Amino acid sequence: AKIQGKRRFCLFNDGMADKVRLRMQTEQRLRQAMSRQAFELHYQPLIALGEPQLMGFEALIRWREPDRLIMPDSFITIAEECGLIHDIGEWVLHSACEQARQWQDNYPLPLRVAVNVSARQFAAPDFVRKVGLILLETGLYPHLLELEVTESTLQIMEDSQRVLGELKALGVSISIDDFGTGYSSMALLKHLTIDRLKIDRSFVKDTPEAVRDCAICRAIVTLAHSLMLSITAEGVETAEQAEFLAKIGCDTAQGYLFAKPLPLDALAGYLAQWQARLRE
Ligand code: C2E
Ligand code: CA
Ligand code: CA
Ligand code: CA
């Protein structure tokens with residue numbers, strides 16, 4: 001295997017060698033970040049359309065370096081490839097549930113927390129057991145935890161239906177993330193028991209001007225409701241988009257129009273604003 005590795009390396013040109021070197025450095029830095037607890041979660045509000053109402057938050061990971069904040073798109077794939085995603089993902093789940101347990105104790109209405117689950121994490125044989133343990137450890141009501149998985153995650157796994165069934169039995173909800181961007185979205189809906197679809201931002205961003213995008217959003221909302229699924233729109237940035245989505249019956253929305261993902265120190269103030277509105 002060693003010889004083969006060497007031979008393969010000979011086929012690399014300089015650019016590829018640079019890439020490999022960069023990747024190995026990132027892997028090393030990711031490992032250090034994990035042991036130094038350099039990750040943090042930011043929470044983006046999920047807002048019910050119509051009569052605006054705070055429904056919960058999506059937890060989004062960030063990597064804190066002394067001089068900057070590194071966004072998940074630049075390290076989640078690498079973490080998946082080197083297997084670190086298992087540790088990172090478990091940390092994310094635990095922190096998010098711990099946080100949501102505080103809302104459960106202190107906020108007058110139920111607030112759910114949505115957690116992104118990567119393919120390798122979802123496919124791990126002990127994933128469901130871990131989720132169950134984390135719920136027990138944190139004391140979060142299972143129905144307040146929502147796991148977000150993508151179409152491709154569900155597709156590449158043969159027994160995703162079994163895993164979803166086991167998660168359902170625990171009482172947690174499942175949503176399909178980035179809905180519409182993967183392959184055979186319809187085939188998935190035919191077989192899988194899930195609770196919610198999230199319309200990908202790419203379909204939302206040109207509404208309400210682009211008629212085709214509007215038609216796609218309308219169709220996804222209708223489809224979701226016919227299947228008794230609830231539906232969230234991602235990446236809502238303008239009042240016009242929110243108005244359009246409300247009009248076509250989209251249940252919840254998330255996006256910069258309402259709030260960017262909030263760091264922990266901004267969360268208490270944000271919740272206090274909603275709580276003040278509740279008392280009015
Ligand atoms: P996603 O799950 O589709 O999350 C939505 C992304 O859109 C987030 O980017 C969010 O900050 C961003 N966003 C929210 N509202 C708006 C908006 O109005 N306009 C625009 N332009 N963007 C908006 P973020 O936080 O950089 O995360 C990127 C992706 O990284 C996520 O996409 C998700 O796939 C992944 N990710 C984030 N956190 C985790 C995690 O804890 N575990 C795993 N496995 N993946 C994660
Ligand atoms: Ca997501
Ligand atoms: Ca998305
Ligand atoms: Ca995603």
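For the structure itself, consult the block above.
Notes on the structure follow. The model shown is predicted, which means the values in this text are computed figures rather than measured ones.

Reading the values: the criteria
Residues numbered from 1 in each chain as written. Chains lettered and ligands numbered in written order. Predicted model: local features only at pLDDT ≥ 70, side-chain atom pairs only at ≥ 80, totals over all residues. Heavy atoms only, no water. Buried < 20%, exposed > 50% of the residue type's maximum accessible area, 1.4 Å probe, protein only. Helix = DSSP H or I, 4+ residues; strand = E, 2+ residues; numbered from the N terminus. Pairing = 2+ DSSP bridges. Near = heavy atom within 4 Å. Polar contact = N/O pair within 3.5 Å; in protein donor to acceptor, adjacent residues only side chain to side chain. Areas by Shrake-Rupley, 256 points an atom, 1.4 Å probe, with all protein chains shown as cover. Donors = N, O, S within 2.8 Å, 3.2 Å for Na, K, Ca; no water. 1 Å grid on protein atoms, 1.4 Å probe; cavity = no way out; pocket = protein on both sides within 12 Å on 5 of 7 lines; lining within 4 Å. Points joined across faces, edges and corners; volume = space filled by probe spheres on them. Nonpolar A, V, L, I, M, F, W, Y, C, P; charged D, E, K, R; others polar. Axes fitted to C-alpha atoms, helices over the stretch in contact; angles between N-to-C directions. Parallel < 35°, antiparallel > 145°, perpendicular 65-115°, else oblique. Left-handed = near helix turned anticlockwise from the far one by under 90°. Contact = heavy atoms within 4.5 Å. Right-handed = clockwise from strand over helix to strand, strands pointing away.

Focus on the pairing of strand β5 (residues 145-150)
Taken across its six residues, β5 has five buried, putting it largely inside the fold. In terms of strand pairing, strand β4 (residues 112-116) meets β5 through four bridges, oriented parallel. Across the sheet, the residue bridging to N116 is E148, located in β5.

Some details on the site of ligand 1
In the region of ligand 1, 22 residues are neighbours, and Q44, R62, N116, E237 and Y256 sit closest. I61 is positioned such that a nitrogen or oxygen atom in its backbone is 3.2 Å from a nitrogen atom of ligand 1. Take D177: an N or O atom from its side chain is 3.1 Å from an oxygen atom of ligand 1. In isolation ligand 1 exposes 800 Å². Once the protein is present, 85% of that is buried.

Considerations on the coordination of the calcium ion (ligand 3)
Protein coordination at the calcium ion (ligand 3) comes from D178 (OD), D200 (OD), E234 (OE) and E234 (OE), with a distance range of 2.2 to 2.9 Å. Mapped onto the sequence, the residues coordinating the calcium ion (ligand 3) show the spacing D-x21-D-x33-E. If you look at the calcium ion (ligand 3) and the calcium ion (ligand 2), they sit 5.8 Å from each other. In this pair, D200 is assigned in the loop between β7 (196-199) and α10 (201-204) and E234 in the loop between β8 (230-233) and α12 (239-247), connecting sequence segments 34 residues apart. Both residues of the pair, D200 and E234, belong to the buried class.

So, empty space enclosed by the protein
Evaluation of the coordinates by the stated rule reveals one cavity of 30 Å³ or more. Looking at the largest cavity, its volume works out to about 80 Å³. Surrounding the largest cavity, H86, G89, E90, L93, Q121, A124, D126, F127 and K130 form its lining. Secondary structure elements with two or more residues in the lining of the largest cavity: α4 (85-106) and α6 (127-138). Its residues assigned to classes, the lining of the largest cavity comprises three nonpolar, three polar and three charged.

Considering the packing of α4 against helix α13 (residues 264-279)
Direction vectors running N to C along α4 and α13 enclose 30°, while the axes themselves pass 13 Å from each other. As far as their axial angle goes, α13 and α4 are roughly parallel. The interaxial crossing formed by α4 with α13 has right-handed handedness. Within the contact between the two elements, α4 uses Q99, W103 and N106 and α13 uses L264, L267, L271 and Q275. A class-by-class count of the residues in the contact of α4 with α13 yields four nonpolar, three polar and no charged.

Observations regarding the pairing of β7
Burial along β7 is two-sided: the residues R196 and K198 and L197 and I199 are all buried. Of the strand pairs in this sheet, strand β6 (residues 173-179) and β7 are connected by three bridges, and their pairing is parallel. Across the sheet, F179 pairs through a bridge with I199, a residue of β7. Regarding topology, helix α9 (residues 185-191) serves as the crossover connection from β6 to the parallel β7, and that connection is right-handed. As paired elements, β7 and β8 share four bridges and run parallel to each other.

What about the layout of surface pockets?
Quantified by volume, the largest pocket comes out at close to 1100 Å³. Of all the secondary-structure elements, those providing two or more residues to the lining of the largest pocket are β2 (53-65), α3 (76-82), α4, β4, α5 (119-123), β5 and β6. Here the element with the most residues in the lining of the largest pocket is β2; it accounts for five residues. For the lining of the largest pocket, a count of residues per class yields 14 nonpolar, ten polar and twelve charged. Here the second largest pocket defines a volume of roughly 280 Å³. Taken together, 13 residues make up the lining of the second largest pocket; nearest its centre are L41, Y43, W91, S95 and L264.

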